[in-house]
Amino acid sequence: FKFWGIMSNYHLIILVHGVWGNSSHLAYVEKQIHENIHSYDGTILYTHKTGSHLGYLTYDGIDVNGKRISDEVWEQTKLIEQEKGGKVTKFSVVGYSLGGLISRYCIGYLSSQGYFDNIEPINFTTFCTPHVGVLVPQSHNFSARLYNRIAPLFLADTGSQFFLRDKVGEFGKPLLVWMADPRSKFYKALAKFKYKSLYANVVNDKRCSWYTASISPDDKVNSLYNKRPENINCKYIKGYQPNVIDVTKPFYYEKVDNLRESSNHRFKWFWKTLNWIKLIGTITVYSPIFIITSIVQRIYNRKRVSEFFQNESNDLLHMYEHEHEVGGGEEEEQQQYHSSVFADISNKVDDEQETLVEDIYDAMNWKVSHSSTFPPIRLDHNQSYIVEKLNTIGWKKYPIIIRHTKGTHGAAIIKHYDPNFDEGEVIVRHFVKEVFKLD
C-alpha cells in the first residue's frame, strides 16, 4: 500500500465486546462494515475486534479493561504504520454492552496520551450499553433493593462500578459519575467525536433497560416491566420497520388487551407462585455453579488486578484529575480468541446467565408487570447527574424493538448465530447504512 513514498491513510475502527464476551460477538457487525461501507477518498477501513478483555477478564473493571483496550489501539496503530506502511488518520469505536463503557474509558486514556493530536475521532457508537449503570431505579421495591445489594458481588470490580458502589479520585465519586463529569478526560474525549450515536432496546432487555441504554431520565416505555412489544405505540424509520423507532415521532407505552393475559390474571397467585418455583428451580440448578465460579473468579480477579497495577505503565491516577496530563503507555500482550468450541460454550453460559437474570426479574416484578399502571423510575442523585451531563454531548439515539426473541440484548448485534436473532440484521443494516460516517 506504500507506493513511491506515499503512505495510505487508514480509518481504524475498534469493536469492543461486553461482559463474559469474546471478539466473535462483534463478527457480524465487522462483516457488515466491510461489505457495506466503502471509502470514496482512498482511505482504507481497518477493523479490529478487541481481545484483551476476554471472558472473565471483564470482571477486572471498566478502568483496567479500558487501559487494556487502549494498549490494543496503540498496537494496531503501530502495526498499520510499521507493517502496512500506512498512517491512521481517522478513528471510530463501536461498543456493545459493557464494551461501550470500556470504550469510553479507553478514549479518555488515549486522549490523555495525545492519541487524538493527529488522528481525527469520527464515530462513537454503542449498542445496549448501560451508560447510567445497572442499578435498578426502584428504591421503594424491597426485592429491587435486595437485587442491587447482591448482584454486584457476582461481578467483582466491574460489578461495583456497574452498580455505582465504587469510588475514584480524591472526590470519592463512582467511576461512571466521574466519566460523565465535563471536567473529566473521559467526557472531553467523548465530546471530540464528530458523531455520537446509541441503540437501546425498548422491551425485554433485562441486562440493559431503556433508561440506561438511552441515557434517559424516565422510562416512558416501561422497559423495566413490560415484556410485550405490542404495548409500544410508535412509528418506524422508513426502510427499517418494524425494528428501528423514529424518535422524531411520539413513542410510548400503551397497554393492549390480551385475552390470554386477562385469563392468566384471574389465576394471578397460581402464576406468581409458578414464577417463584421456576426461579427457585433455576437457582437450585445454576446458583452453585455461579457462586463457585464467582468466588474463584474473584480470587483470580484480585491477583490479576494487583499484577496490573504493579506495572508502572498502568498507573491510572492521572485519569481522576481535572488538569490535562499526558501519560505514558506500554503495550500489553493480547489474549486472542481462537477456539470455536470455547465460543459455543461461552455463548451457552452467557445465555444461561441472561435466563437467570430474566427469571429473577420475573419473580421480583410479577405483580407490577401484570398491573395496568407502573411506578415511575426514581433515579438517585448519581444517576440523575450522569443522565444530565451525558445528554449535553449530543447523541443520536435510536430506540429499537425486537419481537422474535426475549434475548434482545444479544439479538441487537447478532452476537452469535441464532435464527431468532434475525431482526438484528435490520438494526445493524441501519447502523452501517445510515449512522456510520466516513468523515
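Calculation rules
Residues numbered from 1 in each chain as written. Predicted model: local features only at pLDDT ≥ 70, side-chain atom pairs only at ≥ 80, totals over all residues. Heavy atoms only, no water. Axes fitted to C-alpha atoms, helices over the stretch in contact; angles between N-to-C directions. Helix = DSSP H or I, 4+ residues; strand = E, 2+ residues; numbered from the N terminus. Parallel < 35°, antiparallel > 145°, perpendicular 65-115°, else oblique. Left-handed = near helix turned anticlockwise from the far one by under 90°. Contact = heavy atoms within 4.5 Å. Nonpolar A, V, L, I, M, F, W, Y, C, P; charged D, E, K, R; others polar. Phe/Tyr/Trp six-rings, centres within 6.5 Å; stacked < 30°, edge-to-face > 60°. Buried < 20%, exposed > 50% of the residue type's maximum accessible area, 1.4 Å probe, protein only. Lys NZ or Arg CZ within 6 Å of the ring centre and 35° of its normal. Core = buried A, V, L, I, M, F, W, Y, C linked by side-chain atoms within 4.5 Å. Pairing = 2+ DSSP bridges. Salt bridge = Lys/Arg side-chain N within 4 Å of Asp/Glu carboxyl O. Right-handed = clockwise from strand over helix to strand, strands pointing away. Lys, Arg positive; Asp, Glu negative; His and termini not counted. Polar contact = N/O pair within 3.5 Å; in protein donor to acceptor, adjacent residues only side chain to side chain. Patch = residues over 30% accessible without salt bridge, like charges linked within 9 Å, V, L, I, M, F, W, Y side chains within 5 Å. Areas by Shrake-Rupley, 256 points an atom, 1.4 Å probe, with all protein chains shown as cover. Expected span 1.5 Å × (residues − 1).

## A closer look at the packing of helix α1 (residues 27-36) against helix α15 (residues 424-435)
And then number 1: Interhelical geometry of α1 versus α15 gives an angle of 45 degrees and a closest axis separation of 10 Å. One way to sum up the angle between α1 and α15 is to call them oblique. The element α1 and its partner α15 pack so that their crossing is right-handed. Residue-level contacts link Tyr28, Val29, Gln32, Ile33 and Asn36 of α1 to Glu425, Val428, Phe431, Val432 and Lys433 of α15.
And then number 2: For the contact of α1 with α15, the per-class residue count stands at six nonpolar, two polar and two charged.

## Brief notes about the packing of aromatic side chains
And then number 1: The tally for this structure, following the rule as stated, stands at 17 aromatic pairs.
And then number 2: Each ring, one from Phe308 and one from Phe309, has its centre 5.0 Å from the other, and the planes form 85 degrees; the classification is edge-to-face.
And then number 3: The class of Phe309 is partly exposed, set by a relative accessible area of 38%.
And then number 4: Here the aromatic residues Trp74, Phe91, Tyr115, Phe116, Phe124, Phe193 and Trp395 are joined through ring pairs into a cluster of three or more.
And then number 5: Over the aromatic face of Phe251 sits the side chain of Lys220, whose NZ or CZ is 4.2 Å from the ring centroid.

## Quick look at the nonpolar core
And then number 1: Ranked by size, the top nonpolar core spans 82 residues in total, and within it Leu12, Val73, Phe91, Tyr105, Ile107, Tyr115 and Tyr320 carry the most contacts.
And then number 2: If near-sequence neighbours (up to four positions away) are discounted, Val73 is found in contact with Leu12, Ile14, Phe91, Cys106, Leu110 and Tyr115.
And then number 3: The next biggest cluster of nonpolar side chains, apart from the first, holds 30 residues, and it includes Leu15, Val29, Tyr96 and Tyr240.

## Section: the pairing of strand β5 (residues 195-201)
And then number 1: In terms of burial, β5 is largely enclosed, as six of its seven residues are buried.
And then number 2: Of the pairings in the sheet, the one linking strand β4 (residues 120-127) to β5 comprises five bridges and is parallel in character. The partner of Thr125 across the bridge, within β5, is Ser197.
And then number 3: When β5 meets strand β8 (residues 396-400), the two strands line up parallel, connected through five bridges. Counterpart to Leu198 in the pairing with β8 is Lys397.

## A closer look at the pattern of salt bridges
And then number 1: Under the defined criterion, the tally for this structure stands at 13 salt bridges.
And then number 2: Residue Lys90 pairs with Asp41 through a salt bridge whose shortest N-O separation is 3.9 Å. Here Asp41 lies in the loop between α1 and β2 (44-49) and Lys90 lies in strand β3 (residues 86-96), a separation of 49 residues in the sequence.
And then number 3: The exposure class of Asp41 is partly exposed, given its relative accessible area of 44%.
And then number 4: As a salt-bridge pair, Lys303 and Glu307 come within 2.7 Å of each other at their nearest N and O atoms.

## What to know about unusual backbone geometry
And then number 1: Pro242 follows Gln241 through a cis peptide bond whose omega is 0 degrees.
And then number 2: Its place among the elements puts Pro242 in the loop between β6 (232-233) and β7 (252-253).
And then number 3: The phi torsion at Cys128 lies on the positive side, around 55 degrees, for a residue other than glycine.
And then number 4: If you trace the backbone, Cys128 turns up in the loop between β4 and α4 (142-150).
And then number 5: One non-glycine residue with positive phi stands out, namely Asn204, at about 65 degrees.
And then number 6: Tracing the sequence through the fold places Asn204 in the loop between β5 and α8 (210-213).

## Brief notes about the environment of His430
And then number 1: With respect to the helices, strands and loops of the structure, His430 is situated in helix α15.
And then number 2: For His430 and Val244, which are 186 residues apart along the polypeptide, the C-alpha to C-alpha distance reads 8.0 Å.
And then number 3: Ignoring anything within four residues of it in the chain, the contact list for His430 reads Tyr199, Ile237, Tyr240, Val244, Tyr398 and Val435.

## Section: the pairing of strand β1 (residues 8-16)
And then number 1: Extensive coverage of β1 is indicated by the burial of eight of its nine residues.
And then number 2: Pairing analysis gives six bridges linking β1 to β2, with the strands arranged parallel. Within β2, the residue paired with Leu15 across the bridge is Lys49.
And then number 3: Regarding the hand of the β-α-β motif, the stretch spanning β1, α1 and β2 is right-handed.

## Brief notes about the side chain of Asp219
And then number 1: By the element assignment, Asp219 lies in the loop between α8 and β6.
And then number 2: Despite being buried, Asp219 has no salt bridge partner; Lys206 is the closest side chain of opposite charge, sitting 8.6 Å away.
And then number 3: In terms of polar contacts, Asp219 uses its side chain to reach the backbone amide nitrogen of Leu224, at 3.3 Å.
And then number 4: Excluding anything up to four places from it in sequence, Asp219 contacts Trp210, Leu224 and Ile377.

## Here we look at a nonpolar patch on the surface
And then number 1: Residues Leu146, Ile150, Leu153, Phe154, Ile291, Ile295 and Ile299 make up a contiguous nonpolar surface patch of about 620 Å² in total accessible area.
And then number 2: The set of elements that each furnish at least two residues to the nonpolar patch consists of α4 and α10 (268-310).
And then number 3: Top contributing element to the nonpolar patch by residue count: α10, with three residues.
And then number 4: Along the chain, Ile299 falls in helix α10.

## Some thoughts on helix α2 (residues 62-82)
And then number 1: Compared with an ideal rise of 1.5 Å per residue, which puts 21 residues at 30 Å, α2 spans 30 Å between its outermost C-alpha atoms and is within 8% of the ideal.
And then number 2: Within α2, 15 of the 21 residues are buried, which leaves the element mostly enclosed by the surrounding structure.

## So, the packing of helix α3 (residues 98-112) against helix α7 (residues 185-192)
And then number 1: At a minimum axis separation of 8 Å, α3 and α7 run at an interaxial angle of 95 degrees. When the interaxial angle is binned, α3 and α7 end up roughly perpendicular. Contact residues: Arg104, Tyr105, Ile107, Gly108, Ser111 and Ser112 in α3; Lys185, Phe186, Ala189, Leu190 and Lys192 in α7.
And then number 2: Taken together, the residues that form the contact of α3 with α7 break down as five nonpolar, three polar and three charged.

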